[in-house]
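# Commentary on secondary and tertiary structure
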Amino acid sequence: MSPIEHCAGSYCFLPGGTAYSGGVRAQPGYALIRATLPDATPYIHGLEAVSHHLGGLGRPLAALCAVELRVLRPLSFAAVAALNAGYIARLGEYGLLVDGRSPLARTNVAPEIPVLHSDEVMLHAFVYTVPHSSDLARAGFALSGIGEVRDDASGREAIVRVGDRSDDALREKAIFVLDAVERQLAALGSAWIDVTHAAMYTVHLPLPTLTEHVLTTIGPAARYGVHWFYSRPPIEEIEFEFDVRGLRGEEYL
């Protein structure tokens, strides 16, 4: 799996599903900045906010390379497919698709605490490319969120240890996800040492798994800590999701 160049956005992306890529990497001479909105905004309007922000920086909307979405509750596989159809259509209206697919990395989770009050899909944060003259060897990157879903099956049968929330099952789920993250990093030409931001999304108390496996696996990235979002992955019965980024900076709008 080789990254595909997206020159208009100054990044390349790993092929993924139609609705999102596996991850993105900034082209040489560019870096990634993550921006968090002051309030989660319906993504159909949030794209306007993104366009306005990037325009003010002299960057094209194509520089948008990753989004972080929030939903009110986990959805069925069928409901997620319907969500993706509307999402892709909206991206198409903004000219953000490449050959009919989204090049954007995406994390989409359901906060467990009641911070959302709408059934609409909300935009929480986004990542974009900016010119950067640093000669740092490592490139900026952002991976899509990865849950414990195998590629060799479909529907709920693809979920690792589906329906099992025992400590042993949660550990196996975490191991599966972190292995998948490591492979995606390698496909982008990066490794754990390049990670500046790691986040996990689960409602299960992560301390044993965090100390026994997560921090050990991510190695040098652990010096930045791990952000724990008390959230559920977007699909029912998935229990653990993880994403990583290599950022040059963060801002709060």
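Everything here concerns the structure above.
The rules behind these values
Residues numbered from 1 in each chain as written. Predicted model: local features only at pLDDT ≥ 70, side-chain atom pairs only at ≥ 80, totals over all residues. Heavy atoms only, no water. Core = buried A, V, L, I, M, F, W, Y, C linked by side-chain atoms within 4.5 Å. Buried < 20%, exposed > 50% of the residue type's maximum accessible area, 1.4 Å probe, protein only. Helix = DSSP H or I, 4+ residues; strand = E, 2+ residues; numbered from the N terminus. Contact = heavy atoms within 4.5 Å. Salt bridge = Lys/Arg side-chain N within 4 Å of Asp/Glu carboxyl O. Axes fitted to C-alpha atoms, helices over the stretch in contact; angles between N-to-C directions. Parallel < 35°, antiparallel > 145°, perpendicular 65-115°, else oblique. Left-handed = near helix turned anticlockwise from the far one by under 90°. Nonpolar A, V, L, I, M, F, W, Y, C, P; charged D, E, K, R; others polar. Expected span 1.5 Å × (residues − 1). Arc of directions from axis to C-beta. Pairing = 2+ DSSP bridges. Phe/Tyr/Trp six-rings, centres within 6.5 Å; stacked < 30°, edge-to-face > 60°. Lys NZ or Arg CZ within 6 Å of the ring centre and 35° of its normal.

### Overview of the nonpolar core
By size, the foremost hydrophobic cluster in this structure holds 45 residues, and its most contacted members are Leu-64, Val-67, Tyr-87 and Phe-126. Elements represented by at least two residues in this core include exactly β2 (11-14), β3 (23-26), β4 (30-42), α1 (43-56), β5 (64-70), α2 (77-93), β6 (105-111) and β7 (122-131). Setting aside anything within four residues of it in sequence, one finds Val-67 in contact with Tyr-87, Leu-104, Ala-105, Arg-106, Thr-107, Leu-123, Ala-125 and Phe-126. Within the second largest apolar cluster, 22 residues are counted, among which are Leu-210, Val-214, Ile-218 and Val-244.

### A look at the pattern of salt bridges
By the definition in use, this model includes 16 salt bridges. Residue Arg-156 pairs with Glu-157 through a salt bridge whose shortest N-O separation is 4.0 Å. For Arg-161, the salt bridge is made with Glu-172, and the minimal N-O distance between the two is 2.6 Å. In this pair, Arg-161 sits in the loop between β9 (146-147) and α3 (167-187) while Glu-172 sits in helix α3, placing the two residues 11 residues apart along the sequence. Judged by its relative accessible area of 27%, Arg-161 is partly exposed. Exposure remark for Glu-172: the relative accessible area of 35% places this residue in the partly exposed category.

### As for the packing of α1 against α2
With their axes 10 Å apart at the nearest point, α1 and α2 run at an angle of 30° to one another. Classified by the angle between their axes, α1 and α2 sit roughly parallel to one another. The element α1 and its partner α2 pack so that their crossing is right-handed. Contacts between α1 and α2 involve Tyr-43, Ile-44 and Leu-47 from the first element and Gly-86, Tyr-87, Arg-90 and Leu-91 from the second. Across the contact of α1 with α2, the residue classes break down as five nonpolar, one polar and one charged.

### Observations concerning α3
Between its first and last C-alpha, α3 extends 30 Å over 21 residues, near the 30 Å set by a 1.5 Å rise per residue. Within the span of α3, buried status applies to Ala-169, Leu-170, Lys-173, Ala-174, Val-177, Leu-178, Ala-180, Val-181, Gln-184 and Leu-185. All buried residues of α3 fall inside an arc of 165° around its axis, so they share one side. Seen from the open side of α3, the exposed residues pointing more than 90 degrees away from its buried face are Arg-183 and Ala-186. Where α3 ends, the next residue or the one after it, Gly-189, has phi of about 80°, a positive value.

### Digging into unusual backbone geometry
At Ser-10, a residue that is not glycine, the phi angle is positive and equals roughly 65°. A positive phi angle, near 50°, is found at Arg-161, a position not held by glycine.

### Side note on the environment of Ala-8
You can see Ala-8 is positioned in the loop between β1 (4-6) and β2. Residues Ala-8 and Leu-96 lie 88 residues apart in sequence; the distance between their C-alpha atoms is 9.9 Å. Filtering out sequence-adjacent residues up to four positions away, Ala-8 remains in contact with Pro-60 and Ala-62.

### A look at the sheet that holds strand β14 (residues 249-252)
Taking strand neighbours across the sheet as the criterion, the six strands line up as β12-β6-β5-β7-β4-β14 in an open arrangement whose pairing is mixed. One side of each edge strand has no neighbouring strand; the edge strands of this open sheet are β12 (231-232) and β14. In terms of strand pairing, β5 meets β6 through five bridges, oriented parallel. The partner of Val-67 across the bridge, within β6, is Arg-106. Sheet contacts for α1: β4, β5, β7 and β14; angle to β7, the most-contacted strand, approximately 25°. Strands in contact with α2 are β5 and β6; relative to β6, the strand with the most contacts, it is inclined by about 130°.

### Observations concerning the packing of aromatic side chains
According to the stated counting rule, one finds five aromatic pairs in the structure shown. Arranged with centres 6.0 Å apart and planes meeting at 90°, the rings of Trp-228 and Tyr-230 form a pair that is edge-to-face. A relative accessible area of 40% means that Tyr-230 is categorised as partly exposed. Pairing Phe-240 with Phe-242 gives two aromatic rings, centres 6.3 Å apart and planes at 15°, and the pair type is stacked. In this pair, the class of Phe-240 matches that of Phe-242, namely buried. For the cation-ring pair, Arg-70 lies above Phe-229, with the distance from its terminal atom to the ring centre recorded as 5.4 Å.

### A look at the pairing of strand β13 (residues 241-246)
Counting buried positions over the six residues of β13 gives six, a clear majority of the element. Neither face of β13 is open: one carries Glu-241, Asp-243 and Arg-245, the other Phe-242, Val-244 and Gly-246, and all of them are buried. Sheet topology note: the strand β8 (residues 141-143)/β13 ladder contains two bridges and is antiparallel. Along β13, the bridge assignment pairs Phe-141 with Gly-246. The sheet contact formed by β9 and β13 spans two bridges and is antiparallel. Looking across to β13, one finds that Gly-147 is bridged to Glu-241. When strand β10 (residues 197-201) meets β13, the two strands line up antiparallel, connected through five bridges. In the strand pairing of β13, His-197 is matched with Arg-245.

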